[in-house]
Amino acid sequence: MMTTVLITLAGFAFVAHAGIFLLGIALAWRQHSKKAPPARALPVTILKPLAGFDDGLEDNLRSFFALQHAAPFELVFSIDASERTGDAAALAQRLIAEHPAVSARFVLSARDAGDNPKIANLLAGAAVARHDFVLVSDANVRVAPDYLTRLTSHYSDDVGVVCSCIVGKGAESFGAAVDGLGLNTFYTRGMFLSMLGGEPAVPGKGMLFSTRAAERFGGLRSLLRYFAEDYLFGKRMLGLGLRIVATEEGLVQHMGRSSVLDYMRRQIRWSQIRRLYGGAAYAFELLTMNALAPAVLGGVAAAWLFGFSAVSFAAAWLAFELLCDLALTLKVGGDVSARFPLYWLAREALALPIWIATYASRHIVWRGKRLPFDREGRVTEPVEMFTKTKKGEPHYERRRFIMKKYPQIRSLMGHDTRTAWVTIAVVILQLALAWGFALLAAQGSVFAHPIAMVVYAYAFGAILTHWLSMTIHETSHDLAFKSHRANQALALLANIPMLVPIAMTFHRYHLGHHALLGVDKEDTDLPTRWEARVIRRSTVLKFLWLSLYFFVYSLRGLTFAKKPNRAEWLNIVFSLTMTALIVKTLGWTAFAYLAWSMFFAHSLHPVAAHFIHEHYIFSAPQETYSYYGVLNRVTFNVGYHVEHHDFMNVPGWKLPALHAMAGTEYSRLVSHKSWTLVLLEFIFCPRIGVDSRVVRSRAAFQRTRTQAHKESNEREHRWKKPAHENDLGEITGEVLLW
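Note that this is a predicted model, so its numbers are computed, not measured. (Residues numbered from 1 in each chain as written. Predicted model: local features only at pLDDT ≥ 70, side-chain atom pairs only at ≥ 80, totals over all residues. Heavy atoms only, no water.)

Peer 1: Can you help me understand helix α17 (residues 484–495) in this one?
Peer 2: For an α-helix, 3.6 residues make a turn, and residues three or four places apart therefore share a direction. Compared with the 16 Å implied by 1.5 Å per residue over twelve residues, the 17 Å span of α17 between its first and last C-alpha is a close match. Taken together, the buried positions of α17 are Asn487, Gln488, Leu490, Ala491, Leu492, Ala494 and Asn495. Looking at the buried side of α17, the elements it contacts are α15 (418–442), α16 (450–476), α18 (503–515) and α22 (566–586). The opening residue of α17, the one whose side-chain oxygen lies 3.3 Å from the backbone nitrogen of arginine 485, is serine 483. (Helix = DSSP H or I, 4+ residues; strand = E, 2+ residues; numbered from the N terminus. Expected span 1.5 Å × (residues − 1). Buried < 20%, exposed > 50% of the residue type's maximum accessible area, 1.4 Å probe, protein only. Contact = heavy atoms within 4.5 Å. Polar contact = N/O pair within 3.5 Å; in protein donor to acceptor, adjacent residues only side chain to side chain.)

In structure tokens, the structure reads:
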């Protein structure tokens, strides 16, 4: 029954895609087959906002000086004051001087943080415009001499905006060719489909309008804080009861040279507009406006319902769409070469990562600048990632003061062999459980069903595996045995049920986290800037980030990785050998149980919450937190994390005793009451994100260490201040849900 439902849904998805695709082709073809209306020349001010120096910029701008128009027209170039000495500004002024017969001028604009840069430039130009009719025209397009006359011929009293299809030509790189093909096919189809559905698909690269009509809703100035200015401009014109006319007068965008990454960034920016204003409908765009996924679904449905070959059906449909898009490209006047199928396949293949990335970001990248935006589409002031401080890490100072005040703490330092005995017991228990699942699976028992195994791996296996990872943490500080090699051997033993060889690599890099806490690009526990930019404070993305934390942490480690040393090579060989023995002797069911346990132990699980509780800012400016709950009993008291950073040479077994000895010093700090609540707050609280970490420079780190020796008396006095006066902002209490 379920299979039939899924196949039916796949068939409906394919039919919907096919219908929308063919309708888009038909609408675009009809539009480009229409006869042009009688010529009508209107006086126009052409606003040219400049930013940066695009490929082919000079030829683009020269084409506007060559316009032949019966009515008066003028060119107004505008650029941000910060770029007044740049190449684009110099080019515009030179072209104005070379064409004295053309009415043209150059103005400077200024904008505040949060302004749309393009609208800020346009407002400066509009302020000096002489004509009521205004043509907003981007700097990366070029036109034919009669373009302005043909465009104004479409204007009438019931028209709010006249806009042009964009034709991509002149690509000089792979990324630019893919981009141009997308303009000639996907966006041409999408433009007319959107207008059929009553949506204002207005390309901002060329839109003609009357300023008197625009002033009825506030004009360009009302869009100063929005990044989707062209869409909103059209939406507001429709709100006035005026029509939007999309003409066949092709506006050529010279594609020049750009990378595939540039293409993806631009597509993500445009996709964000569709997602922002299309709402939940954008989720279906992957099926309606992309060929690969529907072709696969159609092939599956055709194979199930009619007995066709799924592969042949999918390939035939893809070939059909390719030919249709090839014909449309020729119709609009785009470039076509022998590599057209390759560009087409690349565009279709990139649709999925672009679709995913659209959901993953709350900012746009425009001219290399990262501009955040809110849920209304308003550009907001850039938010600094991470909390920067010029202070050194606080643990060194606190350790020196506590040692002076409580010298008896020295008796707690050293190793504790209880770690070894517990580790051996946990390794035996975890392997025994894996063996038990293998036996149950051989007997066909319901308790060995994959779902039951996954549940058990989450409920029990993850706790045991995480406990073993804490053994690796303890031994990285040489806290199980006096001998360093003995600690390494115990770590290798703990690594056996974990399957992945991580023990010696963790030993190698973990001490850097303590030695350089919060030092950007050197603290191995600090999220990368890429993580922070992508995840930020999105509830969905934080959930996914935590769910896949095992992989995230592993990939992050590659940014610090050096050539493996002898111990790491030994770890790799030993772990892989042990894993092979497990599979050989216990079977794949046992392997699956251990693999799921490993995954859950380092993902969205209460015991794994300490990865978040330790250093993410829940109560600024405190940067390290402790947890004193019951789960410490199965993690070698790693919850006592402030104490651990203060005294790395005190075994986890004795951290509660340390806390008791110096309790008055730790009671003033914020602590966590529950690791489960830590996960919930991190995921759902919008003020906490992946970038909620304190970062400092290495110089600040070293400077504080030096000052500590010179200012001990002053520091001792400071530590005796009431909590609310402490420089570290330490307060008494527990972190509560927001």
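Anyway, onward from the coordinates.
Peer 1: Would you mind showing me how to read the environment of aspartate 525 here?
Peer 2: Within the secondary structure, aspartate 525 sits in the loop between α18 and α19 (529–535). Between the C-alpha atoms of aspartate 525 and phenylalanine 611, which are 86 residues apart in sequence, the distance is 8.8 Å. Among all residues touching aspartate 525, those that are not within four sequence positions of it are His513, Tyr553, Arg556, His615 and Arg693. In terms of polar contacts, aspartate 525 uses its side chain to reach the side chain of arginine 693, at 3.1 Å.

Peer 1: What is the right way to read empty space enclosed by the protein from this model?
Peer 2: The gaps of empty space that remain are located by a probe, the size of a water molecule, rolled over the atoms. Tallying each qualifying case throughout the model produces four cavities of 30 Å³ or more. As a volume, the largest cavity reaches approximately 150 Å³. Taken together, 15 residues line the largest cavity, and the ones lying closest to its centre are Phe186, Arg274, Glu285, Arg347 and Ala351. Mapped onto the lining of the largest cavity, the elements with two or more residues apiece are α6 (174–196), α9 (260–278), α10 (285–288) and α13 (340–360). For the lining of the largest cavity, the residue count by class is nine nonpolar, three polar and three charged. (1 Å grid on protein atoms, 1.4 Å probe; cavity = no way out; pocket = protein on both sides within 12 Å on 5 of 7 lines; lining within 4 Å. Points joined across faces, edges and corners; volume = space filled by probe spheres on them. Nonpolar A, V, L, I, M, F, W, Y, C, P; charged D, E, K, R; others polar.)

Peer 1: Hey, could you run me through unusual backbone geometry in this one?
Peer 2: In most cases, non-glycine residues show a negative phi, while peptide bonds are predominantly trans. Cis geometry is adopted by the peptide bond preceding proline 621, which originates at alanine 620 and carries an omega value of 0°. Its place among the elements puts proline 621 in the loop between α24 (610–613) and β12 (626–627). Of note, the phi angle at aspartate 478 is positive, near 55°, even though the residue is not glycine. Within the secondary structure, aspartate 478 is located in the loop between α16 and α17. Phi is positive for leucine 499, close to 70°, though the residue is something other than glycine. As for its placement among the helices and strands, leucine 499 is situated in the loop between α17 and α18.

Peer 1: Help me out: how do you make sense of the layout of surface pockets in this one?
Peer 2: What the second largest pocket holds in volume is close to 930 Å³. Every residue lining the second largest pocket is counted, 35 residues in all, and those nearest its centre are Ile502, Thr505, Phe506, Tyr553 and Ser554. Taken together, the elements giving at least two residues each to the lining of the second largest pocket come down to α16, α18, α21 (549–557), α22 and α24. Sort the elements by how many residues they give to the lining of the second largest pocket and α21 lands first, with six residues. Here the lining of the second largest pocket is built from residues that sort into 19 nonpolar, eleven polar and five charged.

Peer 1: Would you take a moment to explain α15 for this structure?
Peer 2: Between its terminal C-alpha atoms α15 stretches 36 Å, which fits the 36 Å expected from 25 residues at 1.5 Å a residue. Every buried residue of α15 is accounted for by Thr419, Ala420, Val422, Thr423, Val426, Val427, Gln430, Ala434, Phe437 and Ala438. Against α16, α17, α22 and α23 (588–601) lie the buried residues of α15. One or two positions beyond α15, positive phi appears at glycine 444, with a value near 75°.

Peer 1: I would appreciate a short explanation of the nonpolar core in the present structure.
Peer 2: Counting residues in hydrophobic clusters, the biggest one holds 88 residues, and the most contacted among them are Ile46, Leu67, Phe77, Leu135, Phe209, Phe233 and Met237. Setting aside its immediate chain neighbours within four residues, leucine 67 contacts Ile46, Phe73, Val143, Ala144, Pro145, Tyr147 and Leu148. (Core = buried A, V, L, I, M, F, W, Y, C linked by side-chain atoms within 4.5 Å.)

Peer 1: Teacher, can you tell me more about the pattern of salt bridges here?
Peer 2: Between side chains of opposite charge, a pair can form as their charged atoms come close. Enumeration over the complete set of coordinates arrives at 25 salt bridges. The salt bridge involving glutamate 74 is made with arginine 130; its shortest N-O contact spans 3.6 Å. Taken together, the positions of glutamate 74 in strand β2 (residues 73–80) and arginine 130 in the loop between α4 (117–126) and β4 (133–137) put the pair 56 residues apart, joining distant regions of the chain. Judged by its relative accessible area of 55%, arginine 130 falls in the exposed class. The salt bridge partner of arginine 508 is glutamate 568, with a shortest N-O separation of 2.5 Å. (Salt bridge = Lys/Arg side-chain N within 4 Å of Asp/Glu carboxyl O.)

Peer 1: So what exactly am I meant to see when it comes to the packing of α15 against α23 here?
Peer 2: Two measures define how a pair of helices packs: the angle their axes make with one another and the distance between the axes. At a minimum axis distance of 7 Å, the contact between α15 and α23 shows a crossing angle of 135°. Taken together, the axes of α15 and α23 are oblique relative to one another. Considering the relative orientation of α15 and α23, their crossing is right-handed. For the pair α15 and α23, the contacting residues are Gln430, Leu431, Leu433, Ala434, Phe437, Ala438 and Ala441 in the first and Thr589, Ala590, Tyr593, Leu594 and Ser597 in the second. For the contact of α15 with α23, the residue count by class is nine nonpolar, three polar and no charged. (Axes fitted to C-alpha atoms, helices over the stretch in contact; angles between N-to-C directions. Parallel < 35°, antiparallel > 145°, perpendicular 65-115°, else oblique. Left-handed = near helix turned anticlockwise from the far one by under 90°.)

Peer 1: How should the packing of α17 against α18 be read in this particular structure?
Peer 2: Across the interface, α17 lies against α18 with an axial gap of 9 Å and an inter-helix angle of 130°. For the element pair α17 / α18, the angle class is oblique. Of the residues in α18, those touching α17 at Asn487, Gln488, Ala491, Leu492 and Asn495 are Ala503, Met504 and His507. Residues belonging to the contact of α17 with α18 are distributed by class as follows: four nonpolar, four polar and no charged.

Peer 1: Could you clarify how one ought to interpret the pairing of strand β1 (residues 44–50) in this entry?
Peer 2: Two faces, one strand: in a regular strand the side chains alternate between the faces of the sheet. Where burial is concerned, most of β1 is hidden: seven out of the seven residues are buried. Two elements, β1 and β4, share four bridges in a ladder whose sense is parallel. When the sheet's bridge partners are listed, valine 44 is paired in β4 with phenylalanine 133. As judged from the seven bridges shared by β1 and β2, these two strands associate in the parallel manner. Looking across to β2, one finds that leucine 47 is bridged to valine 76. After leaving β1, the chain enters helix α2 (residues 57–65) and then returns to the sheet as β2, a path that is right-handed. (Pairing = 2+ DSSP bridges. Right-handed = clockwise from strand over helix to strand, strands pointing away.)

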